[in-house]
Amino acid sequence: MKTLNTLIQGCIDGDRHSQSRLYDLFAPSMFGVCLRYAANREEAEEILQEGFLKAFECIYQFRFAGSFEGWIRKIMVNSALQKYRSRHHLHAITNIEMPDPGYFGDEDVIARLSVKELLNIIQLLSPAYRIVFNLYVFEGMKHKEIAKQLGISEGTSKSNLYDARMILQKLVNNNAKVANPTPPGIVGQSLAN
Amino acid sequence: MDENLHYIDRLFRDAIDDYEEIPSLKAWKTISDRLDTQRAKKGRDYNWLKTTSSFLLLILLGIEIHDVQTKMVGDKFSILEANIYKNSGPVNMGIRPNDILKKSEKNKPDKLVSSVTNEKWERDPVEQRVGVKGIMYGGFSRNGLSESANTVLTKSGPLDSGTFISLLENKNIPAIVLPEKKIANENRPGNNASSRLSMIVFFSPDFPFYCLQHDPHDISGNDIKNGEKPDLSSTTGVLLDYSLGDHWSLQPGMSYSNAIILIDPKTIYAEKDNTGSVKYRYNASSGYGYVLPSFSNSPSVGDSLYAYSATHTLRYLNIPIAMRYRVQKGKFNFFASAGISTNILLQGIIETLVQDNSNNEIEVMNHLHGLKNIYFSGLFNIGAEYRLNKNFSLMAAPVRRFALNSINKNVSVKSYPNSFGIAAGIRMRL
């Protein structure tokens, strides 16, 4: 802990060696977070870079109370939201024609899906679905908070989450059944322009 | 179905939540490069001020050098002029026109031809005397020398440039050439080189008010804002006033300011400082300090002490530079000036009395975290001067000072000191 505090203090002082070490320490876990919010690895790296730059810029605001990992993770999530705010409309999603996924497959089969495959499945979602799903499932946010964060209505947030789950369920089933599934392209990409 | 959907949540959360992957090496390189760029940009933010200050100083230096040189030329001329008045008549009466003409044929430089106008030379004896526009000194005709020159020239016909140069080179006729600019300057009131520079010594009692910016949801920020009251402050210093013309002048200078802020009593809590040791943290609008009283030298995080009313003192060395515009009405000079000031922190301290249940101790925090060493401010004033005599004037001017950037960094509250003062002083002509 003392080492981490020393590193943080070094970053506050603008010491590049401390910044590099802090990056090495947190980059892998933060990259995992960014991959969930991004459509691909390149986008995830962009989010990671923006997040770390923001973190180094504002690190003096960290008060050495609470988890630093939690603090930096929040910055990564905000960077991801910022990225998609500037690129996409996150509001209405309409005309989704998804077949009923039916019964969710055998849990043992699903369990055999690798983490990478599950991550790829999330990345297949449209940005609006992906972000709402991430905020609800991984960040533990309520629909009210998500709505406020994204500037959408609670109803839209609920609807997006429902649709995201349906799509994921279908994709998981397909992936579980097919040994080498070919991604069908971005699903649910019918955002209002 | 709902159960299935929730299973989806759990499936993904359990599998991916702690997922880690190493990003490419390029990611850190990009971050590092951008950090370098940001650092360079921050440097540039201050560089413009350094560049502007250097530029202004160079201009001032250039003007001063030019002024000194002009003054030296003026002094030389005065000596020559005295010789003219003293020796002109008798000496020049001895010059013969033929001598001058002989010399002129040998010596015909081209470079001054354009300066010589001799078309009217024969027609008008008066114009002959001033025929060399802007070169021949106007006062020349007031004495006997002009007559002697006439005597020399009237029979020679149109004067060519070589003849004129010969006239100037003839030791019997003292040099009477002045730069055009010098003549122009002589005729301009108040432009004597020696009177351009003056010094103003001033004192200004100031009424400070601080603009504090903080997150409205930050309780500690609200406490700081409500618990601090600026006390009477003062600024004293010296300004040099360098006249750039009839109305404009440049005012660089140096001053010392002393600001006092009174802080209400409050409870302070122990927490880890940046080195990891636990001390009592005292927050103020400009920064924060740590105290460790002898009666409580090993506190635990969260322990508290009561701090009585505190005095927070900020002392700065100010380096202002301003442009002033003045209008003269009789013995009064009315002026307005605006400029910027670089403020260098000399001292930032907080003094308070801390107490627990049975002990108390005076604590002085000499090192405040978050307080910047330099900040910049703008200044504006309108005032008047009353001329006592040729060299001294009394000055009074309300002054408004306002911070251009905050005096602190890396703290939850950003503080922008502003003040309104009434400067009174005396101007001495150098």
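Residues numbered from 1 in each chain as written. Chains lettered and ligands numbered in written order. Predicted model: local features only at pLDDT ≥ 70, side-chain atom pairs only at ≥ 80, totals over all residues. Heavy atoms only, no water.

1. Details of the overall build of chain B
Item 1. Broken down by element type, chain B carries 8 helices and 14 strands.
Item 2. Considering chain B as a whole, with its 430 residues, one finds that 40% of them fall into the buried category.
Item 3. Residue pairs at least 24 apart in sequence account for 72% of intrachain contacts in chain B once pairs closer than 6 positions are excluded.
Item 4. Summed over its atoms, the accessible surface of chain B is roughly 23,900 Å², and 57% of this surface lies on carbon and sulfur atoms. (Helix = DSSP H or I, 4+ residues; strand = E, 2+ residues; numbered from the N terminus. Buried < 20%, exposed > 50% of the residue type's maximum accessible area, 1.4 Å probe, protein only. Contact = heavy atoms within 4.5 Å. Areas by Shrake-Rupley, 256 points an atom, 1.4 Å probe, with all protein chains shown as cover.)

2. What to know about the confidence of the model for chain A
Residue and element names in this part refer to chain A.
Item 1. Confidence in the prediction of chain A, expressed as mean pLDDT, is 80, and 76% of residues score 70 or more.
Item 2. Segment residues 89-103 is flagged for pLDDT under 50; beyond a separation of four residues in sequence, or across chains, it makes 41 contacts in the model.
Item 3. Between residues 189-193, whose pLDDT stays under 50, and residues either more than four places distant or in other chains, the model counts 16 contacts. (pLDDT = per-residue confidence, 0-100.)

3. Overview of the interface of chain A and chain B
Item 1. On the side of chain B, 36 residues touch chain A, which itself brings 50 residues to the contact.
Item 2. Overall, the association of chain A and chain B removes approximately 4,000 Å² of surface from exposure, summing both partners, and the carbon and sulfur fraction of that is 62%.
Item 3. By the criterion of area lost to chain B, the three top residues of chain A are A:R16, A:L53 and A:R165, representing 16% of everything that side buries.
Item 4. In this assembly, chain A and chain B are joined by 6 salt bridges.
Item 5. The partner of A:R165 in a salt bridge is B:D9, with the nearest N and O atoms 2.5 Å apart.
Item 6. Linking chain A with chain B are 11 residue pairs in polar contact (both at pLDDT 80 or more), by the criterion used here.
Item 7. Going through the elements one at a time, α1 (2-12), α2 (16-37), α3 (41-58), α5 (107-111), α6 (115-123), α7 (127-137) and α9 (154-177) of chain A are the ones with two or more residues in the side of chain A that touches chain B. (Buried area = accessible area lost by both parts, 1.4 Å probe. Salt bridge = Lys/Arg side-chain N within 4 Å of Asp/Glu carboxyl O. Polar contact = N/O pair within 3.5 Å; in protein donor to acceptor, adjacent residues only side chain to side chain.)

4. Observations concerning the packing of α7(A) against helix α8 (residues 143-150) of chain A
The geometry of a pair of packed helices is captured by two quantities: the angle between their axes and the separation between those axes.
Residue and element names in this part refer to chain A.
Item 1. Put simply, α7 and α8 touch, their axes get as near as 10 Å, and they point 135° apart. Considering their axes alone, α7 and α8 lie oblique with respect to each other. The chirality of how α7 crosses α8 is right-handed. Contacts from I131, V132, L135 and Y136 of α7 reach α8 at H143, I146 and L150.
Item 2. A class-by-class count of the residues in the contact of α7 with α8 yields 6 nonpolar, 1 polar and no charged. (Axes fitted to C-alpha atoms, helices over the stretch in contact; angles between N-to-C directions. Parallel < 35°, antiparallel > 145°, perpendicular 65-115°, else oblique. Left-handed = near helix turned anticlockwise from the far one by under 90°. Nonpolar A, V, L, I, M, F, W, Y, C, P; charged D, E, K, R; others polar.)

5. A short note on a nonpolar patch on the surface
Residue and element names in this part refer to chain B.
Item 1. Where nonpolar side chains cluster on the molecular surface, the patch consists of L244, W248, M323, Y325, V327, F332, F334, Y386, L388, F392 and L394 and spans about 940 Å² of accessible area.
Item 2. When contributions to the nonpolar patch are tallied by element, the ones reaching two or more residues are β9 (310-329), β10 (332-355) and β13 (392-403).
Item 3. In terms of residues, the nonpolar patch owes the most to one element, β9, which gives 3 residues.
Item 4. Within the secondary structure, F392 is located in strand β13.
Item 5. Relative accessible area serves as the criterion here: at 33%, F392 is assigned to the partly exposed category. (Patch = residues over 30% accessible without salt bridge, like charges linked within 9 Å, V, L, I, M, F, W, Y side chains within 5 Å.)

6. Quick notes on the pairing of strand β1 (residues 197-214) of chain B
Both faces of the sheet carry side chains from a regular strand, because those side chains alternate between them.
Residues and elements named next belong to chain B.
Item 1. Here β1 runs beside strand β3 (residues 233-243); their pairing, made up of 10 bridges, is antiparallel. Within β3, the residue paired with F202 across the bridge is G237.
Item 2. The sheet contact formed by β1 and strand β14 (residues 413-429) spans 15 bridges and is antiparallel. Across the sheet, the residue bridging to F207 is F420, located in β14. (Pairing = 2+ DSSP bridges.)

7. Here's the deal with empty space enclosed by the protein
Item 1. Overall, the coordinates contain 3 cavities of 30 Å³ or more when judged by the stated rule.
Item 2. Here the largest cavity defines a volume of roughly 560 Å³.
Item 3. Partitioned by chemical class, the residues of the lining of the largest cavity number 21 nonpolar, 15 polar and 4 charged. (1 Å grid on protein atoms, 1.4 Å probe; cavity = no way out; pocket = protein on both sides within 12 Å on 5 of 7 lines; lining within 4 Å. Points joined across faces, edges and corners; volume = space filled by probe spheres on them.)

8. Quick look at the environment of B:S412
Item 1. Structurally, B:S412 can be placed in the loop between β13 and β14.
Item 2. Distance from B:S412 to B:N283, taken between C-alpha atoms, is 9.8 Å for residues 129 residues apart in sequence.

9. Quick word on a positive patch on the surface
Item 1. On the surface, a cluster of positive charge is made up of B:K331, B:R387, B:K390 and B:R429.
Item 2. By secondary structure assignment, the location of B:R429 is in strand β14. (Lys, Arg positive; Asp, Glu negative; His and termini not counted. Charge placed at Lys NZ, Arg CZ, Asp CG, Glu CD.)

10. Here we look at the packing of aromatic side chains
Item 1. Throughout the structure, instances matching the rule amount to 16 aromatic pairs over all chains.
Item 2. Where A:F62 meets A:F68, the ring centres are 5.1 Å apart and the plane angle is 85°; that geometry is what we call edge-to-face. The burial state of A:F62 is the same as that of A:F68; both residues are buried.
Item 3. For the ring pair B:Y306 and B:Y308, a centre distance of 5.1 Å and an interplane angle of 90° mean the geometry is edge-to-face.
Item 4. When its relative accessible area of 34% is taken as the criterion, B:Y306 is described as partly exposed. (Phe/Tyr/Trp six-rings, centres within 6.5 Å; stacked < 30°, edge-to-face > 60°.)

11. Points about the packing of α2(A) against α3(A)
All names here are of chain A.
Item 1. Running from amino to carboxyl end, α2 crosses α3 at an angle of 135°, the nearest separation of the two axes being 10 Å. Put simply, α2 runs oblique to α3. The chirality of how α2 crosses α3 is right-handed. Across the interface between the two elements, Q19, L22, Y23, F26, A27, M30, F31, C34 and L35 from α2 touch R41, A44, E45, I47, L48, F52 and F56 from α3.

12. Some thoughts on the nonpolar core
Item 1. Among the nonpolar cores identified, the biggest contains 68 residues, and A:L22, A:F52, A:F68, A:F133 and B:F12 are the most heavily contacted of them.
Item 2. Per element, the largest residue contribution to this core is 10 residues, and it comes from α2(A).
Item 3. The two domains that each donate at least three residues to this core are domain 1 (4-87) and domain 2 (101-179) of chain A.
Item 4. The contacts of B:F12, once residues within four sequence positions are left out, are A:L118, A:I121, A:I122, A:F133, A:F138, A:L168, A:V172 and B:D17.
Item 5. Counting 27 residues, the second-largest nonpolar core is a separate cluster that includes B:A259, B:I261, B:Y280 and B:L314. (Core = buried A, V, L, I, M, F, W, Y, C linked by side-chain atoms within 4.5 Å. Domains from an automatic or database assignment.)

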